[in-house]
Amino acid sequence: MRVSTSMLLEDAHNGGYAVPMYNTVNLEITRGLVAAAEKLNIPILLGIAYDAIEHMGMEALYRGADVIARAASVPVAIHLDHGRTYEEVAAAVKLGFDSVMIDFSFMEFGENVARTAEAVKMSHAMNVPIEAEIGHVPGGENTPTIEDASHMVYTDPKDAAEFALRTGVDFLAVSVGTVHGVYKAEPKLNIALVKEINAEVGRPLVLHGGSGTPADQVRAAVAAGISKVNIGTNVMRAFINGLRSVPESVMDVRTVLRAGRDEIYNVVAETADMFGTQKATY
Ligand code: 13P
């Protein structure tokens, strides 16, 4: 069933667990993610980011996700991940996305506040909750590039509180030690910082760059106040591995795609276990 992102994240925020957002770039991945969530009986968010939009088009991806989500036996919400412009976010809101993200985290504080606040005003006018980022998680979202931490900007708790207050964002993405993509060196999340931001901000916090982050650190981050974790790279990798596992002699494209789709289950099972998503009451 299609559900509200706010309901999912409020339940996670109150229940001390996190809801996973998995990136999708096509119908097969969407189907694989939802089938996995059904098998595990957990809620999930489907994340559509700019690379997916460039690949397939926002409306085609959204409509496919909508049909699959509506038919699902578990709660599913559709989220615009890393909206790049006001216009892109407005288009997603108009289409019916359950939530959107606007990402001006690469800009200086005042500019990030001003541009985010403008997008918040628009999305709230349409009753769509919105996420933005303060501090900066580096790397190409859900594209398996190798990333190091040199462009990381850790979130300052006081800035986070001011940002949340001045913009009115519903969910706040924070930078506490993760990067998007494949890690060059093992990350070291700053769990004390998550706790501090959580105490200052008091609304659901989002961790980007979930793929490849050691399980014990993810569990600690969730316990410290993360309510949504984004996973992109691991989903894409699993799909590709599945496709490549099919013998070259196979000529039925559905067999190849199904092999990719079926590989996704393990990613969802492993991450949902780390995030405690089985605790969901929504
Ligand atoms: P990963 O690709 O590192 O999992 O990050 C995904 C993400 O944060 C999308 O917003």
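Going along each chain's sequence as written, the residues are numbered from 1 onward. Confidence filtering applies because this is a predicted model: local features only for residues at pLDDT of at least 70, side-chain atom pairs given and counted only at 80 or more, and all residues used for totals across whole chains, interfaces and linings. The side-chain numbers reported here are obtained from all heavy atoms of the structure, hydrogens and water having been left aside.

*Asks:* Please clarify how the nonpolar core should be interpreted in this entry.
*Replies:* Across soluble globular proteins, nonpolar side chains show a tendency to be buried alongside one another. Membership of the largest hydrophobic core comes to 73 residues, with the highest contact counts inside it found for Leu33, Ile44, Phe97, Val100, Leu172 and Val235. Beyond its immediate stretch of four places on either side in the chain, valine 100 contacts His79, Leu80, Val89, Ala92, Val93, Ser123, Val128, Pro129, Ile130 and Glu131. Note on terminology: a nonpolar core comprises buried Ala, Val, Leu, Ile, Met, Phe, Trp, Tyr and Cys residues joined through side-chain atoms within 4.5 Å. Remark: exposure states derive from per-residue accessible area (1.4 Å probe, protein chains only) relative to the maximum for the residue type, with buried under 20%, exposed over 50%, and partly exposed in between. We call two residues in contact whenever any of their non-hydrogen atoms come within 4.5 Å of each other.

*Asks:* How should the packing of aromatic side chains be read in this particular structure?
*Replies:* Each aromatic ring pair is described using two quantities: the centre-to-centre distance and the angle formed by the ring planes. In this analysis, rings of Phe, Tyr and Trp, with Trp reduced to its six-membered ring, are considered paired at centre separations within 6.5 Å, and the interplanar angle assigns stacked below 30 degrees, edge-to-face beyond 60, and tilted for intermediate values. As enumerated under the stated definition, the model contains 3 aromatic pairs in all. Between the aromatic rings of tyrosine 62 and phenylalanine 97, the centroid separation amounts to 4.9 Å while the plane-to-plane angle is 25°, which identifies the pairing as stacked. Of this pair, tyrosine 62 sits in helix α4 (residues 58-71) while phenylalanine 97 sits in the loop between α5 (86-95) and β4 (99-102), and the two are 35 residues apart along the sequence. Exposure class is identical for tyrosine 62 and phenylalanine 97. Each is buried. Consider the rings of phenylalanine 104 and phenylalanine 106, whose centres lie 6.3 Å apart with planes at 65°: the pair is edge-to-face. Taking relative accessible area as the criterion, phenylalanine 106 reaches 54% and is therefore assigned exposed. Criterion for a charge above a ring: Arg CZ or Lys NZ at most 6 Å from the ring centre, at most 35 degrees from the ring normal. One Lys or Arg, lysine 39, reaches over the ring of tyrosine 265 and ends 4.6 Å from the middle of that ring. Here arginine 115 stacks its cationic end above the ring of phenylalanine 104, 5.4 Å away from the centre of that ring. Runs of H or I in DSSP of at least four residues are treated as helices and runs of E of at least two as strands, each being numbered from the N terminus.

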